[in-house]
Amino acid sequence: MNIDGKQAAAELRVRLAKEVDALQSERGITPGLTVVLVGEDPASQVYVRNKVKQTREVGMISNEIRLDESTTEEALLTILAELNIDDTVHGILVQLPLPKHINEEKIIATIKPEKDVDGFHAMNSGRLLNGEKGALVPCTPQGCVILAKHHLGDDLSGKHAVIIGRSNIVGKPVSILFLQENCTVTIAHSRTQDLPNMCRQADILVAAVGRPEMVKADWVKPGATVIDVGINRIELSDGKTKLVGDVDFNDVSPVAGAITPVPGGVGPMTIACLLKNTVEAAKIYGK
Ligand code: NDP
């Protein structure tokens, strides 16, 4: 069966809209998210448009700062310093990738951790690793766990989760989250030996690689839950393009107990979790 990410994201947004209402009536706080976009990357523009629309739909304040491709690192740092002290802004998201002349690490480190709704600041990754309260956790990994629970129920204890990929954005944080859910976690990567055999051990298989349709049916234990994070655009024989995941969906679907489609799986959850983080930030740190 398919795990419907659009449906799960819509359910999460309904819950968030209620929390936004409560924050407004009980504490007079309207959660605010500011997205900063530098340059004209078309994919980033689509993401930002969706983020802005959905933020407003749940009753939050959404601001967008669009900057020219030639914006200097210094100018961006100045804008972030202003957003850091603006009490109406609870979440700051700088859309990545940034133009090459801007140092991404420096930008991420400049965002106040309490407003870092992407969860990429070292303070937030440290808090996540330590299991501390108040961590803002990266959005895509949160979405993966929510989707796994959508199919398996809330108790993931004892399940073997195999994660393919060890990036700071997806692989590492999603591994920590499944560990916190009392799963036994294996992290695989480009040097892993006999990857198909490793994947066949998984009750929950998360693919976060960036290689189109790499995971095949014989990599998957019958009945396993498959979460496909990959977003790859491939060219078809007629010259058109389409989006596919890291999992060969048609091949794996008959074997898996449940699988997230691409598009319509992890992607919609990522944006919903961004809104969730902004509401969390407003709840914990808002004045
Ligand atoms: P990275 O390129 O940062 O990391 C890819 C990981 O995959 C690395 O750890 C790499 O291993 C591993 N890898 C690469 N090739 C192989 C291989 N042949 N066998 C096993 N492991 C391999 O990618 P991201 O984590 O940023 O993203 C992964 C995918 O998820 C991409 O398709 C991206 O577009 C998508 N994505 C989707 C999001 C969503 O909202 N749905 C959000 C973020 C990303 P090593 O470390 O050894 O190099």
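Residues numbered from 1 in each chain as written. Predicted model: local features only at pLDDT ≥ 70, side-chain atom pairs only at ≥ 80, totals over all residues. Heavy atoms only, no water.

(A) Main features of the pattern of salt bridges. Across all of its chains, the model carries 10 salt bridges by this definition. For E19, the salt bridge identified is with R15, shortest N-O distance 3.6 Å. In this pair, E19 and R15 both sit in helix α1 (residues 5-27), four residues apart, roughly one turn of the helix. The partner of K106 in a salt bridge is E73, and the shortest N-O contact between them spans 2.9 Å. Residue K106 is found in helix α4 (residues 104-110), and its partner E73 is found in helix α3 (residues 73-84); the two are separated by 33 residues along the sequence. Shared partners join several salt bridges into a network, and the residues in it are R15, E19, E280 and K283. (Salt bridge = Lys/Arg side-chain N within 4 Å of Asp/Glu carboxyl O. Helix = DSSP H or I, 4+ residues; strand = E, 2+ residues; numbered from the N terminus.)

(B) Expanded view of helix α7 (residues 171-180). With respect to burial, α7 is a largely interior element, seven of its 10 residues being buried. Of all the residues in α7, the buried ones are G171, P173, V174, S175, I176, L177 and F178. Turning to α7, the residues buried within the fold contact α5 (122-130), α6 (139-152), β4 (160-164), β5 (184-188) and β6 (204-207). Directly beyond the C-terminal end of α7, a positive phi value near 70° is found at N182. (Buried < 20%, exposed > 50% of the residue type's maximum accessible area, 1.4 Å probe, protein only. Contact = heavy atoms within 4.5 Å.)

(C) The arrangement of the site of the ligand in detail. Near the ligand, the surroundings consist of 21 residues, among which R166, S167, S190, R211 and T270 are the closest. Within the backbone of V229, one N or O atom sits 3.4 Å away from a nitrogen atom of the ligand. When the ligand is considered free in solution it has 930 Å² of accessible area, and contact with the protein chains removes 69% of it. Broken down by element, the residue count for the shell around the ligand peaks at three residues, all from helix α10 (residues 266-285). Residue composition of the shell around the ligand, by class: nine nonpolar, 10 polar and two charged. (Near = heavy atom within 4 Å. Polar contact = N/O pair within 3.5 Å; in protein donor to acceptor, adjacent residues only side chain to side chain. Areas by Shrake-Rupley, 256 points an atom, 1.4 Å probe, with all protein chains shown as cover. Nonpolar A, V, L, I, M, F, W, Y, C, P; charged D, E, K, R; others polar.)

(D) Looking closely at the UniProt feature "domain: Tetrahydrofolate dehydrogenase/cyclohydrolase catalytic" (unreviewed entry) in the protein. The UniProt record marks residues 3-118 with the feature "domain: Tetrahydrofolate dehydrogenase/cyclohydrolase catalytic" (unreviewed entry), using the residue numbering of this structure. Split by type, residues 3-118 is 50% helix and 16% strand. Its first and last C-alpha atoms lie 24 Å apart. (UniProt positions renumbered as here; feature names shortened; annotations may be inferred.)

(E) Inspection of the UniProt feature "domain: Tetrahydrofolate dehydrogenase/cyclohydrolase NAD(P)-binding" (unreviewed entry) in the protein at higher detail. Using the residue numbers shown here, the UniProt feature "domain: Tetrahydrofolate dehydrogenase/cyclohydrolase NAD(P)-binding" (unreviewed entry) corresponds to residues 138-283. Split by type, residues 138-283 is 35% helix and 19% strand. Its first and last C-alpha atoms lie 17 Å apart.

(F) Up close: the nonpolar core. Within the largest apolar cluster, 49 residues are counted, with the highest numbers of intra-cluster contacts made by F178, V206 and I227. Looking at this core, the elements with two or more residues in it are α1, β1 (32-38), α2 (42-57), α6, β4, α7, β6 and α10. It is α10 that contributes the most residues to this core, nine residues altogether. Summarising the domain contributions, this core has at least three residues from each of domain 1 (27-113) and domain 2 (139-267). If we ignore the near neighbours within four places in the chain, the residues touching I227 are I3, C144, L147, A148, L205, V206, A207, T260 and V266. Ranked by size, the runner-up nonpolar core spans 18 residues in total, among them L195, L205, V252 and A256. (Core = buried A, V, L, I, M, F, W, Y, C linked by side-chain atoms within 4.5 Å. Domains from an automatic or database assignment.)

(G) Region of the structure containing the packing of α1 against α10. Remark: α1 packs on α10, axes separated minimally by 9 Å, with the N-to-C direction vectors making an angle of 15°. The angle between the axes of α1 and α10 places the two elements in the roughly parallel class. Pair α1 / α10 crosses with left-handed handedness. Across the interface between the two elements, G5, K6, A8, A9, L12, R13, R15, L16, E19, V20, L23 and R27 of α1 pack against P268, M269, A272, C273, L275, K276, V279, A282 and K283 of α10. Class assignment for the residues of the contact of α1 with α10 results in 13 nonpolar, one polar and seven charged. (Axes fitted to C-alpha atoms, helices over the stretch in contact; angles between N-to-C directions. Parallel < 35°, antiparallel > 145°, perpendicular 65-115°, else oblique. Left-handed = near helix turned anticlockwise from the far one by under 90°.)

(H) Looking closely at the environment of L96. Mapped onto the elements, L96 comes out in the loop between β3 (91-94) and α4. For L96, a relative accessible area of 21% gives the class partly exposed. Remark: the alpha-carbon pair of L96 and A217, spanning 121 residues in sequence, is separated by 33 Å. Setting aside its immediate chain neighbours within four residues, L96 contacts S44, E104, I108 and F120.

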